[in-house]
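Chain and residue survey
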Amino acid sequence: MEDKTCQFKILLGSSSITRRKILAEMGYEFTLMSADIDEKGIRKEMPEELVIALAEAKAEAILHGLPIGDYIREAEPALLITSDQVVVYEGVVREKPANEKEVREFIKDTFP
């Protein structure tokens, strides 16, 4: 694997194992940061708008958690990567199952 040197620090604002794996396999070093947001409190009509709103909310939460003041003047440039995905089935956004019962219902409804 080639070591990719960047002119900036990469901040991955995601708890996704897949996103971590992709960046690592590409040879990038990065710092993990997670955003504590209420995803169910964010609603949009279109799935495309929802994933953008979720990613933006994650970015805002992470940015508000970063130190400010003199640190900003001395900080190295950074790239914050946030994203989200949703499942859409028959035109309806499916929420993340909260428990095993919801997982079973989700699978049963999706794959009858």
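Now for a quick tour of the structure. (Residues numbered from 1 in each chain as written. Predicted model: local features only at pLDDT ≥ 70, side-chain atom pairs only at ≥ 80, totals over all residues. Heavy atoms only, no water.)

Things to note about the overall build of the chain
Operational definition: Only DSSP runs of H or I with at least four residues qualify as helices, and only runs of E with at least two residues qualify as strands; both kinds are numbered from the N terminus onward. The classification of residues rests on relative accessible area computed with a 1.4 Å probe and restricted to protein chains. Under 20% of the type maximum is buried, over 50% is exposed, and intermediate values are partly exposed. Note on contacts: a residue pair qualifies if any of its non-hydrogen atoms lie within 4.5 Å across the two residues. Using the Shrake-Rupley algorithm and a 1.4 Å probe, accessible areas are obtained, with residue cover drawn only from the displayed protein chains.
Each helix and strand counted, the chain has 4 helices and 5 strands in total. Put simply, the chain runs from its N terminus to its C terminus through helices and strands in the order β-α-β-α-α-β-β-β-α. For the chain, buried positions account for 20% of its 112 residues. Counted over contacts in the chain with a minimum sequence separation of 6, partners at least 24 positions apart contribute 51%. Counting only carbon and sulfur atoms, one obtains 54% of the accessible surface of the chain, whose full area is about 8700 Å².

So, the sheet that holds strand β3 (residues 78–81)
Note: strands within a sheet are paired through backbone hydrogen bonds, in either parallel or antiparallel orientation. Heads up, the condition is: Pairing between two strands requires that DSSP report at least two bridges joining them.
Taken in spatial order, the 3 strands of this open sheet run β2-β1-β3, and their pairing is parallel. Pairing within the sheet leaves two strands with one partner each, and these edge strands are β2 (31–32) and β3.

With respect to helix α1 (residues 17–25)
To keep things clear, this is the line we draw: We call two N or O atoms a polar contact when they sit within 3.5 Å, provided that within protein one can donate a hydrogen and the other can accept it, with sequence-adjacent residues counted only if both atoms are side-chain atoms.
With a side-chain oxygen positioned 3.3 Å from the backbone nitrogen of T18, the residue opening α1 is S16. Once α1 finishes, G27 follows within two positions and takes phi at roughly 90 degrees, a positive value.

Remarks on the environment of R20
Looking at the element boundaries, R20 is found in helix α1. Through-space distance from the C-alpha of R20 to that of T31 is 9.7 Å; in sequence the pair is 11 residues apart. Apart from residues no more than four positions distant in its own chain, R20 is found in contact with L12, S15, F30 and L32.

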